[in-house]
Amino acid sequence: MNIFDIVGPVMVGPSSSHTAGAVRIGYISRKLLGEEISDAQIILHGSFALTGKGHGTDKALVAGLLGMKADDIRIPDSFDIATEQGMTFSFETADLGEVHPNTVLLRLTGRKKRKLEVTASSLGGGRIQVNSLDGLTVNFCGDYPTLIVHNQDQPGHVAEVTSMLSHKSINIATMQLFRSQRGADAVMVIECDQEIPEESLAWLMHLEGINKVTYLSLKEA
């Protein structure tokens, strides 16, 4: 445990869970999409839905989607800034099931027409957890460069991905494997100690049996 787990992050308030965590969810989702966002459908669950407006959760999420961080003084003006930049957004509430009370579902469309669906939760103290991508279960916090590979559940794909990382001298911090059912859709979530080169990501995207590659880079634009 470090000091930020106790006192919370440096942020524009009022709440580390409803504000700082919401900004981080938006920010990490934008990074996962990999391009500027043209449209965001934002579905709030639980406490986010009931008390989020009073805590500024709505403006915080939009701020993160614009690329702001939790200490950005422009967060209260995020709606106006989004409109100026041509990003459309909408809000609704829904019961997302057995998830953390501070959970949001984001349906994002990028300016280059890439699409991504993210479900994520704010855990308190500015910490978050990404729960699903494009409807498939994942579990990561956004603190490491993270490779997410959606693939067909067939032998050899894990070996291909890990061999590529080894060849590029990239150390794996954590690795998780999920699948919807045997022989159907599967996903690898690999948190790394180093950034993955763009050419390696492009190589993965063209492998037979790989449906989609999503990458969270922590490099600043």
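Below or above, wherever it landed, is the structure these notes cover. (Residues numbered from 1 in each chain as written. Predicted model: local features only at pLDDT ≥ 70, side-chain atom pairs only at ≥ 80, totals over all residues. Heavy atoms only, no water.)

## With respect to the nonpolar core
What counts is decided by this rule: As used here, the term nonpolar core means buried Ala, Val, Leu, Ile, Met, Phe, Trp, Tyr and Cys residues forming a set that is joined through side-chain atoms within 4.5 Å. Relative accessible area decides the class of each residue, using a 1.4 Å probe on protein chains only: under 20% of the type maximum gives buried, over 50% gives exposed, and in between gives partly exposed. The helix and strand labels rest on DSSP assignments: H or I over at least four residues marks a helix, E over at least two residues marks a strand, and numbering proceeds from the N terminus. Residue contacts are counted whenever heavy atoms from the two residues lie within 4.5 Å of one another.
Grouped together as the largest cluster of nonpolar side chains are 39 residues, with contacts concentrated most on Ile 42, Leu 133 and Phe 140. Broken down by element, this core gets its largest block of residues, seven residues, from helix H2 (residues 16-33). Apart from residues lying up to four places away in sequence, Leu 133 is in contact with Leu 32, Leu 116, Glu 117, Val 118, Val 138, Phe 140, Ile 148 and His 150. Core analysis: the next-biggest nonpolar cluster, separate from the first, contains 16 residues, Met 188, Ile 190, Ile 196 and Leu 201 among them.

## Thoughts on the sheet that holds strand E1 (residues 37-45)
Using the following cut-off: Paired strands, as defined in this entry, are two strands with at least two bridges between them according to DSSP. To get an axis, a line is fitted to the C-alpha atoms, and for a helix only the part in contact is used. The angle between two axes follows their N-to-C directions and goes from 0 to 180 degrees.
The strand order across the open sheet built from six strands is E2-E1-E3-E4-E5-E6, with neighbouring strands paired in mixed fashion. With partners counted over all chains shown, the strands left at the sheet margins are strand E2 (88-93) and strand E6 (136-140), one partner each. Averaged over all adjacent pairs, the angle separating strand axes in this sheet is 25 degrees, with direction ignored. Pairing geometry for strand E3 (residues 103-110) and strand E4 (residues 115-124), over seven bridges, is antiparallel.

## Points about the environment of Gly 86
As for its placement among the helices and strands, Gly 86 is situated in the loop between helix H5 (78-85) and E2. With relative accessibility at 41%, the residue Gly 86 sits in the partly exposed group. In sequence terms Gly 86 and Ser 38 are 48 residues apart; their C-alpha atoms lie 6.7 Å from each other. Non-local contacts of Gly 86, meaning those with residues more than four positions away in its chain, are made with Ser 38 and Arg 111.

## Notes on the pairing of strand E7 (residues 146-152)
Burial analysis of E7 places six of its seven residues in the buried class, the great majority of the element. Bridge count between E7 and strand E9 (residues 185-192): seven bridges; the pairing is antiparallel. Across the sheet, Thr 146 pairs through a bridge with Glu 191, a residue of E9. Where E7 and strand E10 (residues 210-216) come together, six bridges link them in antiparallel fashion. Looking at E10, one finds that Val 149 is bridged to Val 213.

## Thoughts on a nonpolar patch on the surface
Heads up, the rule is: Surface patches are drawn from residues lacking salt bridges whose relative accessible area is over 30%; two like charges belong together within 9 Å, two nonpolar side chains (Val, Leu, Ile, Met, Phe, Trp, Tyr) within 5 Å. Accessible areas in this description were obtained via Shrake-Rupley with a 1.4 Å probe; residue shielding takes into account the shown protein chains only. Salt bridge criterion: a side-chain nitrogen from Lys or Arg within 4 Å of a carboxyl oxygen from Asp or Glu.
Taken together, the side chains of Val 158, Ile 172, Met 175 and Leu 177 make up a nonpolar region of the molecular surface, amounting to roughly 300 Å² of accessible area. Its location among the elements puts Met 175 in strand E8 (residues 172-179). Since its relative accessible area comes to 31%, Met 175 is described here as partly exposed.

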